Amino acid sequence: MSCQTTPLDSSCLDLWREKNDRLVRQVKVAQNSGLTLRRQRLAQDALEGLRGLLHSLQGLPAAVPVLPLELTVTCNFIILRASLAQGFTEDQVQDIQRGLERVLETQEQLGPRLEQGLKELWHSVLHASSLLPELLSALHCLAGLQAALWLSTDRLGDLGLLLETLNGSQSGASEDLLLLLKTWSPPAEELDVPLTLQDAQGLKDVLLTAFAYRQGLQELITGNLDRALSSLHEVASGLCPRPVLVQVYTALGSCHRKMGNPQRALLYLVAALKEGSAWGPPLLEASRLYQQLGDTTAELESLELLVEALNVPCSSKAPQFLIEVELLLPPPDPASPLHCGTQSQAKHVLASRCLQTGRAEDAAEHYLDLLALLLDSSEPRFFLPRSRPGPCMPELFLEAAVALIQAGRAQDALTLCEELLSRTSSLLPKMSRLWEDARKGTKELPYCPLWVSATHLLQGQAWVQLGAQKMAVSEFSRCLELLFRAIPEDKGQGAASNCEQGCKSDVALQQLRAAALISRGLEWVASGQDTKALQDFLLAMQMCPGNRDTYFHLLQTLRRLDRRDEATALWRRLEAQTKGLQEGATWSLPLYLESYLSWIRPSDREALLEEFQTSLPESCDL
């Protein structure tokens, strides 16, 4: 009690300082402890001790002789609290503000500044500190914590102004935060000062690494590769902890891959894999590199290793009860090369790449594993496409069915399609109202009719594979009935503007209609009913004039029917539009539809054109 009545008494000051130093040593003991529970208990006890000590110091009138200790305790308390919470909170903002106000209280300058924000408080305090050199060391440490907090919350403008003030510059001309951080020169620690968990110089090193990393990653995402390389090399050459170094090497590998330096990219990715246990990002980037090089085997092996790596819980290192670089980094952006997603997302990438590269058997097994993984988990069974990256659950079913058909497992594909229909068909009666809402822009575009229609399309193809022509034609007709009944053309076009997916709904709708008409037409051709086939091919051309496959099927049918004049006119039209027609805009289509269209695409289109040209009378040549 005597210390609270005589705050300037040297014995009280010594007792407070001794308690601070003892608590700091206790935290350092906790850092070196290999027992998790003991670490946490020691650190938590130290935090409560620092809280009580700070409460005692701030319960007295602010005094210059006590402020260096009080600010040091404030810094230690903030550092330990942020480390234990693995992030900054509003409480730390208030702790910093209270410390600044206490400095101004000693200068009798606080009155009108009660309404000021942190920026203005820092400006006033750092100018007042020129009269109080004994506070400089502690104030720079507190400024380092303020800088860390602002960096972690992306308040880079405020951070720049603080650094300019710390550096004694008021020009506001420099926008290079990295240069401002390098220019910042905290005062050297004196020998006879209270112990700190982390001094200003240590905070500066962390800030330099964190900011350079954030800057390099942002430049990489936006495509400024030269600047990204510069910032990332800055991080790699500094005091960079190993977990961050793994990410830096991965980002450097991505940067060199995009710059056309595959060998150097590979060296960085190998270095990333050697540095730590967080293998997900470098393995995903390695798969991208091998895909770019055309090494499909290595690409798929990397993806298989990625799936395995994401199945193993990542062993995170124990916190050091300091402000560490990782604390100041944002979570990986989905656009970042360091975002490798979940195990199910990686499994989907593997399955889809197997499908795209013609490894249908492997793709089928991976898709079935993926569906089992998702249906057994607590994740939502069905979700709209815009709710998360990648395809939604019904589209995964459709991709899996495509893989099964391509692998020759038509019966399994039919079973899977029946499962999907049982989950989605009940929604169809509600579709007319949903389409009206989507057209008005009040609700999101309903995808269910597309899914159900595509399911019937795939069922038809499965029956084709099984040789059941009547069943196939029935399914193709059911698909068309749904497409024309549940999705009128004007509503399909109007609702498309509300779809934010890479797959534009109007394009997918057109191609789905064309695919069903072509598929049914091919079945008419197989049964010798060319007249019916001609009707379907003509309707497909009308529904989707950009689909060149329709023209080839129509051309062949007209030739078989010996309708040479119409065939010649169509051939001329096809020749004239060769450069103007798009290849069905397949870049924007869902994978299941892309794969399906490849099945019904004539394999000898160019040969057919040449053959038809040579068969024309000389007078008809262009």
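Located above this text is the structure these notes cover.
This structure is a prediction, so every number in the text was calculated from the model and none was measured.

Caption draft 1: Quick look at helix α26 (residues 548-560). Across its 13 residues, α26 extends 19 Å between first and last C-alpha, which sits within 8% of the 18 Å expected from 1.5 Å per residue. Along α26, ten of the 13 residues are buried, which leaves the element largely enclosed by surrounding structure. Those residues of α26 lying buried are Arg-548, Asp-549, Thr-550, Tyr-551, Phe-552, His-553, Leu-554, Leu-555, Thr-557 and Leu-558. Between a side-chain oxygen at the N-terminus of α26 and the backbone nitrogen of Asp-549 the separation is 2.9 Å; the capping residue is Asn-547. A positive backbone phi angle near 60 degrees is found at Asp-562, which sits one or two residues after α26.

Caption draft 2: Representation of the packing of aromatic side chains in the model. In this structure the tally under the stated criterion is two aromatic pairs. Plain terms: the ring middles of Tyr-249 and Tyr-268 are 5.9 Å apart, the flat faces sit at 40 degrees to each other, and that makes the pair tilted. Here Tyr-249 is found in helix α12 (residues 242-258), whereas its partner Tyr-268 is found in helix α13 (residues 262-275), with 19 residues between them in sequence. Classification of Tyr-268 by relative accessible area gives buried; the value is 19%. Between the NZ or CZ atom of Lys-532 and the centre of the ring of Trp-524, over which it lies, the distance is 4.5 Å.

Caption draft 3: Seen up close, the nonpolar core. In this structure, Leu-80, Phe-88, Leu-100, Trp-122, Ile-323 and Leu-328 are the most contacted members of the largest nonpolar core, which totals 96 residues. When we break this core down by domain, the ones giving at least three residues each are domain 1 (12-107 + 117-167) and domain 2 (207-313). Trp-122 has contacts with Ile-96, Leu-100, Leu-139, Leu-142, Ala-143, Gln-146, Trp-150 and Leu-162, leaving out every residue within four places of it along the chain. With 86 residues, the next largest nonpolar core counts Leu-283, Val-307, Ala-410 and Cys-448 among its residues.

The rules behind the values
Residues numbered from 1 in each chain as written. Predicted model: local features only at pLDDT ≥ 70, side-chain atom pairs only at ≥ 80, totals over all residues. Heavy atoms only, no water. Helix = DSSP H or I, 4+ residues; strand = E, 2+ residues; numbered from the N terminus. Expected span 1.5 Å × (residues − 1). Buried < 20%, exposed > 50% of the residue type's maximum accessible area, 1.4 Å probe, protein only. Polar contact = N/O pair within 3.5 Å; in protein donor to acceptor, adjacent residues only side chain to side chain. Phe/Tyr/Trp six-rings, centres within 6.5 Å; stacked < 30°, edge-to-face > 60°. Lys NZ or Arg CZ within 6 Å of the ring centre and 35° of its normal. Core = buried A, V, L, I, M, F, W, Y, C linked by side-chain atoms within 4.5 Å. Domains from an automatic or database assignment. Contact = heavy atoms within 4.5 Å.

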